[in-house]
Amino acid sequence: MTEKVVIIRYAEIHLKGKNRGFFERVFTVNLERSLKGLRHELRRTSGRYLVENFDEARVDEICERIHNVFGVHSYSVGIKTEDTIDAIYAAAESVAPTIGTFKVESHRADKRYPMTSMQINAEIGGRLLSKFQELKVDVHHPDAFVYIDVRENGSALVFGEFCKGRGGMPVGTAGKGLLLISGGIDSPVAGYMMAKRGMTVEYLHFHSYPYTNGLAKEKVVRLAKTLSRFTGMHRLNTVSVTQIQEEIHSKCAAEYNVTLLRRFMFRIAERFAQKGGLQCLITGESLGQVASQTIEGMTSSNTVVTLPVLRPLVGFDKDEIIERSRDVGTYDISVEPYEDCCTVFLPEFPAIKPKLKDLEEEEKKLDVEGLVEKALSEREVIEF
């Protein structure tokens, strides 16, 4: 019994005590979803998951998909074999280097195994040294490792490296949120970060067609598709705010255009979220980054909703957000030169510290409820 396997270890789930079973079940569903379309068997065994019976030619694709599943602490491509010392050595020989320095590290999940970890290390290391004359042992700074994991069921796992996963918690274990996704750099990263904490994330995009063209919307669809590798969400909700912007532009003081639009977006987003059973709103706002993202601007937006507003990037600077955007894979799409709705009717000098009473006076000039309901009634859903 010898076969190639992918070994998966989870991250924070082991801290969940009596609730761990729930998190493991969701994690299993997410792993299965990520591997959909690939021949495989997924087995759970004592804090490990094994992907078995797969096409070895597609092992790199399997690893890439596993890498993007939140909750994965690390994974390894290895060999599953019997726990006899001869079988373990045969597997170790296939993963060990033939030159340079190495170290054997053993772990026994089965403490009844007749050899201690130190004895396994010495036996396997000695055999490898005898086989490969150009190998040397270095227990402090080896060029390579041979890892041996003796399991409880008469099997052993042998592998050569740990590949770091994305960590976090399984998506679907921490409630549901609505991401206000634009075509910029920040909001996709905000959605990624909340999904990493286990939140199911749905997308809502505001557009201003015909002031913004169809390419701007298509750009956001591509951003949402990229995010779907991590969130599992395969639809984008879009709402036009063209009429709202026209009304604000024609009837209200110019310096409040952006803040008033943000208040409408929050109202629309909350109505949509409540109808869909979503529990919070998520934005990509970072304190002080633009005129509408002062504490006064954020507070004025919050006053029109009762749902929590999560801002996972609030303390990040732009360079930190860009770095994360590159890691997520959305940066190159985000910087494409297609404008979003927030650039339409942009005043020369937007209010940096808007006062709530002034905003409420300006909104008296508008049919707020009618504009919100009309925008929601024209919502479009894009499946991908």
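Everything discussed here concerns the structure shown above.
Note that the structure is predicted; figures quoted are calculated from it, not measured.

Q: How should the packing of aromatic side chains be read in this particular structure?
A: Each aromatic ring pair is characterised by the separation of its centres together with the angle its planes make. Scanning all chains against the criterion turns up eleven aromatic pairs. Here phenylalanine 70 and tyrosine 192 contribute two aromatic rings whose centre-to-centre distance is 5.1 Å and whose plane-to-plane angle is 70°, an arrangement assigned as edge-to-face. Here the residue phenylalanine 70 occupies a position in the loop between α2 (59-67) and β4 (72-82), and tyrosine 192 occupies one in helix α5 (residues 186-196), the gap between them amounting to 122 residues. An aromatic cluster of three or more residues is present, and its members are Phe145, Tyr147, Phe159 and Phe162. Taking NZ or CZ as reference, arginine 267 lies 5.5 Å from the ring centre of phenylalanine 264, over its face. Cation over ring: arginine 326 sits above tyrosine 331, and NZ or CZ is 4.1 Å from the ring centre.

Q: Please clarify how the packing of helix α8 (residues 257-275) against helix α13 (residues 368-377) should be interpreted in this entry.
A: If you want to describe how two helices pack, look at the angle between their axes and the distance between the axes. Between α8 and α13, the shortest axis-to-axis distance is 10 Å and the interhelical angle comes to 55°. Considering their axes alone, α8 and α13 lie oblique with respect to each other. The chirality of how α8 crosses α13 is right-handed. Packed against α8, whose contacting residues are Phe264, Arg267, Ile268, Arg271 and Phe272, the element α13 presents Val368, Glu369, Leu371, Val372, Glu373, Ala375 and Leu376 at the interface. Its residues placed into classes, the contact of α8 with α13 shows eight nonpolar, no polar and four charged.

Q: Just to check I follow, could you spell out the sheet that holds strand β11 (residues 200-207) for this structure?
A: Each strand in a sheet pairs with its neighbour through backbone hydrogen bonds, running either in the same direction (parallel) or in the opposite one (antiparallel). Strand order in the open sheet made by the six strands is β14-β13-β10-β11-β12-β15, with mixed pairing throughout. Lying at the two open borders of the sheet, with one neighbouring strand each, are β14 (309-310) and β15 (380-383). The pairing of strand β10 (residues 176-180) with strand β13 (residues 280-282) spans three bridges and is parallel. Across the sheet, residue leucine 179 finds its bridge partner in β13, namely isoleucine 282.

Q: Please clarify how unusual backbone geometry should be interpreted in this entry.
A: Working note: non-glycine residues mostly have negative phi, and peptide bonds are mostly trans. Omega for the peptide link from tyrosine 209 to proline 210 comes to 10°, which places this bond in the cis form. Residue position: proline 210 is located in the loop between β11 and α6 (214-231). The backbone of asparagine 53 sits at a positive phi, close to 50°, despite the residue not being glycine. Within the secondary structure, asparagine 53 sits in the loop between β3 (48-52) and α2. Residue class for asparagine 53 comes out partly exposed when judged on its relative accessible area of 37%.

Rules used throughout
- Residues numbered from 1 in each chain as written.
- Predicted model: local features only at pLDDT ≥ 70, side-chain atom pairs only at ≥ 80, totals over all residues.
- Heavy atoms only, no water.
- Phe/Tyr/Trp six-rings, centres within 6.5 Å; stacked < 30°, edge-to-face > 60°.
- Helix = DSSP H or I, 4+ residues; strand = E, 2+ residues; numbered from the N terminus.
- Lys NZ or Arg CZ within 6 Å of the ring centre and 35° of its normal.
- Axes fitted to C-alpha atoms, helices over the stretch in contact; angles between N-to-C directions.
- Parallel < 35°, antiparallel > 145°, perpendicular 65-115°, else oblique.
- Left-handed = near helix turned anticlockwise from the far one by under 90°.
- Contact = heavy atoms within 4.5 Å.
- Nonpolar A, V, L, I, M, F, W, Y, C, P; charged D, E, K, R; others polar.
- Pairing = 2+ DSSP bridges.
- Buried < 20%, exposed > 50% of the residue type's maximum accessible area, 1.4 Å probe, protein only.

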